[in-house]
Amino acid sequence: PLVDNASISRPKISKGEAEIEYLGASNPRYVKHNGRPYQLIERYYAVFPKQAGPLHFEPSVFRGSLASSSARKNRYSMPMFNSGTRVNAYSAKAELTISGKPGSFTGESWLPASQVNLNMNWATPPESLKAGEPVIVTIALMAEGVKAESLPEMKLVLPDSLKVYPEQPTFRSDKGGNGLAGLREEKFTVIGNESGEYQIPAVEVPWWNTNTDKQEVAKLDSFTIKVDGSGVASLTVEPKSSEPVIAEKVKQLNAMIKRE
């Protein structure tokens, strides 16, 4: 048993550059090692290398005070009155080699991740639009193992007869015990000025799968927008919230992180 608050140092880099973000800690539990009981505490960090090459970590340091043998036997002993025995422990150094962007990667923005999902939500179905009525479109890009601010911009390419007004993107990063999931949302207001049918090209985001070490493409298939000019145009449309759709996707990513 510890008689004061023990400390475990944060990871410290001695060679290379990286951002380090604290994710959380496990609940203390007891395990056996070489026939002896130990208290086990785990802390999790996300490391984001800034460049290819070697990445070296200094040893992690533990500092604390163990209760004396008499205090361990006396369950009524008050830890605050027991100075205990000061102990230090050190881990081994750790070294990694960070790979650079492969020459075979074809995307404009480098996106290494363990999983990527792309989702689109229309406040009004795209095949049921009225001329002159604005509609909100949300595109969400979710990636496991990536900070939200690192996710690339997504564009909605529409013909000139459809006016598009983009909003500022929103970012969200969800921490988990075994990783981090980033979410970037792009919202657009779309107004169809003329009736007709318009074929919209697919939306594609190339990314690099860090599990398979291969390029993949997150894709939204092409679709048709139908604008009916016979209706009466209104000034505003109350959009349906896309949060349930996005929240469910983030929940799925977090579930995948925990399973790992």
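Our structure's up above, just so we're on the same page.
Residues numbered from 1 in each chain as written. Predicted model: local features only at pLDDT ≥ 70, side-chain atom pairs only at ≥ 80, totals over all residues. Heavy atoms only, no water.

1. Points about the packing of aromatic side chains
Right, so step 1: Per the stated rule, a full pass over the model turns up five aromatic pairs.
Right, so step 2: Ring geometry for tryptophan 110 against tryptophan 208: centres 6.2 Å apart, planes inclined by 45 degrees, an arrangement best described as tilted. In this pair, tryptophan 110 sits in the loop between β10 (94-98) and β11 (112-113) while tryptophan 208 sits in strand β19 (residues 203-209), placing the two residues 98 residues apart along the sequence.
Right, so step 3: Relative accessible area serves as the criterion here: at 32%, tryptophan 110 is assigned to the partly exposed category.
Right, so step 4: Their ring planes at 75 degrees and their centres at 5.8 Å tell us that tryptophan 122 and phenylalanine 223 sit as a pair that is edge-to-face. With tryptophan 122 in strand β12 (residues 115-122) and phenylalanine 223 in strand β21 (residues 223-228), this residue pair connects regions lying 101 residues apart in the sequence.
Right, so step 5: Note on phenylalanine 223: relative accessible area 16%, which makes it buried.
Right, so step 6: The ring centre of phenylalanine 48 lies 5.6 Å from the NZ or CZ of lysine 147, which sits over that ring. (Phe/Tyr/Trp six-rings, centres within 6.5 Å; stacked < 30°, edge-to-face > 60°. Helix = DSSP H or I, 4+ residues; strand = E, 2+ residues; numbered from the N terminus. Buried < 20%, exposed > 50% of the residue type's maximum accessible area, 1.4 Å probe, protein only. Lys NZ or Arg CZ within 6 Å of the ring centre and 35° of its normal.)

2. Focus: the sheet that holds strand β9 (residues 85-90)
Right, so step 1: With respect to topology, three strands assemble into an open sheet ordered β1-β8-β9, the strand pairing being antiparallel. Edge positions in the sheet fall to β1 (7-8) and β9, since each of these pairs with one other strand and no more.
Right, so step 2: Bridging between strand β8 (residues 61-66) and β9 involves six bridges; their strand directions are antiparallel. If you follow glycine 64 over to β9, its bridge partner there is valine 87. (Pairing = 2+ DSSP bridges.)

3. Focus on the environment of leucine 2
Right, so step 1: With respect to the helices and strands, the residue leucine 2 is situated in the segment before β1.
Right, so step 2: Overall, the relative accessible area of 32% leaves leucine 2 in the partly exposed class.
Right, so step 3: Measuring from C-alpha to C-alpha, the distance between leucine 2 and threonine 85 comes to 9.3 Å, with 83 residues separating the pair along the chain.
Right, so step 4: When near neighbours in sequence (up to four residues on either side) are disregarded, leucine 2 contacts Phe62, Ser65 and Leu66. (Contact = heavy atoms within 4.5 Å.)

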